Structure formats: C-alpha cells, structure tokens
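As a plain string of letters, each chain reads:
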Amino acid sequence: MITDRLYHIYVAMLENDLQYRPWKTFVTVVLRKPGKPRYDLPKAYRPIALLNTMWKVLMAIIADHITYASEKHQLLPANHFGGHLGHTMTDAMHLLTHKIKVAWRAGKVTLVLFLDIEGTFPNADPSRLVNNLRKRGIPCKYTNFVNNMLQERITALKFDGYTSEPIKIDNGIGQGDPLSMVLYQFYNADLLDIPK
C-alpha cells in the first residue's frame, strides 16, 4: 500500500533532515481575477502554486504536528486569532465585546488596534520565521524541515499558454499550502507580545 511506503519515506526525511529536491520545484499558474476593469496591473491576477501532492501530504502532517505542539504547550499568544484552534474570529469578537463592556462599566475609554498585514506570505523572511519557531519551542526536526523547505525552491510562471524560465524563490511562505497558516502564526507572534 502506498501509505505504508510513504510513512517510511516521510519518517526518513524527518529523522535524517532530508528533502527530495524535485518536490520543491513547482508551477505557478497565473489566473485573471474576474471582473477587474484592467488586466495590465499585477493585482488583477491571482497566482496559484501547484505543488507536488506527496509534498503537500508531508506538509499537512508537519502542520498537524506543529499545531499539536503549539496547543499542548501553549506556544502561541492567547490573543492570536485566526487559524488557531479555538481562536476563531467569532471568539475574537466575543472577547472584544467583553473587554469593551468591562472597560465601560469601569468608566474607562476603550481603544482597539486592528492589524491587516498585506503581503505577509510572499514577503516573510524565512530566517526570521525559523528563529521564531525555535524561540517558541518547536522541536528541531520540524524547524529544520521548515528551514530546508523554504530553501532552494523553484517555480515557473504559466499563463495564457506561456511558461517562464525557472525562477528561484528565496523569500516568503507558500500561501495556501497546508503549512502556511501555522507558519504565519509563528511568524507574527512577536507582534502580539508587544502590547504586554
């Protein structure tokens, strides 16, 4: 069965800090966003990275392991909402409402700062991310995996029948892959520690 074989391959990759280079080479399909008035601007397009399925399965397993460790040992700030188990936007709104009512009852003024960080995924610094993972106690085999995963990535852009030459990717977190939200949480966790 394929799952038995993949299990041994994945364990060997994690335990021996190995990665299969062809899995880190992918195609990015560039699609037009519907209803845009102009298509001569980059924001009128949506890039979709088509990753190897075996690679995505391994990333999903790693994401589950990191999520489990972060929940078990409370490695992320309690006020981190979105993509964090038990910390949905609904939970954020309940907490915000509660804090506002408590402040008002005490005769205080409430101030709220919302951060919408644009371009985080493609502009994330991999070395900073790996540092944050280590600093917050993620096991070495996972931080090493993430560090190696974000190195030596190659993609080719494909749109309107055209395929570009291979492009090296040396920055950013893959947006929409199984690890993206988990890694983003650790990448920006320091921002949420500042108000303390």
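Overview of the structure. (Residues numbered from 1 in each chain as written. Predicted model: local features only at pLDDT ≥ 70, side-chain atom pairs only at ≥ 80, totals over all residues. Heavy atoms only, no water.)

## Considerations on the overall build of the protein
Working step 1: Each helix and strand in the protein was counted, giving eight helices and five strands.
Working step 2: Along the chain direction, N to C, the helices and strands of the protein fall in the order α-β-β-α-α-α-α-α-β-β-β-α-α.
Working step 3: When each of the 196 residues of the protein is scored for burial, the buried share is 32%.
Working step 4: Within the protein, contacts between residues separated by at least 24 positions form 62% of all contacts whose residues are at least 6 apart in sequence.
Working step 5: Taking the average place of the 24 positive charges on the side chains of the protein and the average place of its 17 negative ones, the gap between the two points comes to 5 Å. (Helix = DSSP H or I, 4+ residues; strand = E, 2+ residues; numbered from the N terminus. Buried < 20%, exposed > 50% of the residue type's maximum accessible area, 1.4 Å probe, protein only. Contact = heavy atoms within 4.5 Å. Lys, Arg positive; Asp, Glu negative; His and termini not counted. Charge placed at Lys NZ, Arg CZ, Asp CG, Glu CD.)

## So, the side chain of Asn188
Working step 1: Among the secondary structure elements, Asn188 is positioned in the loop between helix 7 (180-187) and helix 8 (189-193).
Working step 2: Relative accessible area serves as the criterion here: at 9%, Asn188 is assigned to the buried category.
Working step 3: Engagement of the side chain of Asn188 in a polar contact is seen with the side chain of Tyr184, the distance being 3.0 Å. (Polar contact = N/O pair within 3.5 Å; in protein donor to acceptor, adjacent residues only side chain to side chain.)

## Some remarks on the packing of helix 1 (residues 2-15) against helix 2 (residues 53-72)
Working step 1: Relative to each other, helix 1 and helix 2 sit at 65 degrees, their axes nearing to 11 Å. You can see that helix 1 and helix 2 cross each other, and the crossing is right-handed. Only Met54, Trp55, Val57, Leu58, Ile61 and Ile62 of helix 2 make contact with helix 1, whose side of the interface consists of Leu6, Tyr10, Met13 and Leu14.
Working step 2: Counted by class, the contact of helix 1 with helix 2 contains ten nonpolar, no polar and no charged residues. (Axes fitted to C-alpha atoms, helices over the stretch in contact; angles between N-to-C directions. Left-handed = near helix turned anticlockwise from the far one by under 90°. Nonpolar A, V, L, I, M, F, W, Y, C, P; charged D, E, K, R; others polar.)

## Considering the pattern of salt bridges
Working step 1: Inspection of every chain in the model, using the stated rule, returns six salt bridges.
Working step 2: The partner of Asp190 in a salt bridge is Lys135, and the shortest N-O contact between them spans 2.7 Å. With Asp190 in helix 8 and Lys135 in helix 5 (residues 126-135), this residue pair connects regions lying 55 residues apart in the sequence.
Working step 3: Assessed through its relative accessible area of 17%, Asp190 is described here as buried.
Working step 4: Residues joined in a network through salt bridges with shared partners are Arg128, Lys135, Arg136 and Asp190. (Salt bridge = Lys/Arg side-chain N within 4 Å of Asp/Glu carboxyl O.)

## Overview of helix 1
Working step 1: Between its terminal C-alpha atoms helix 1 stretches 20 Å, which fits the 20 Å expected from 14 residues at 1.5 Å a residue.
Working step 2: All of the buried residues in helix 1 are Leu6, Tyr10, Met13 and Leu14. All buried residues of helix 1 lie within an arc of 90 degrees about the axis, which places them on one face of the element. Across from the buried face of helix 1, at angles greater than 90 degrees, the exposed residues are Arg5, Tyr7, His8 and Glu15.
Working step 3: Check the buried side of helix 1 and you find it contacts helix 2 and helix 6 (140-149). (Expected span 1.5 Å × (residues − 1). Arc of directions from axis to C-beta.)

The quantities given are spatial measurements derived from coordinates; they are silent on function.
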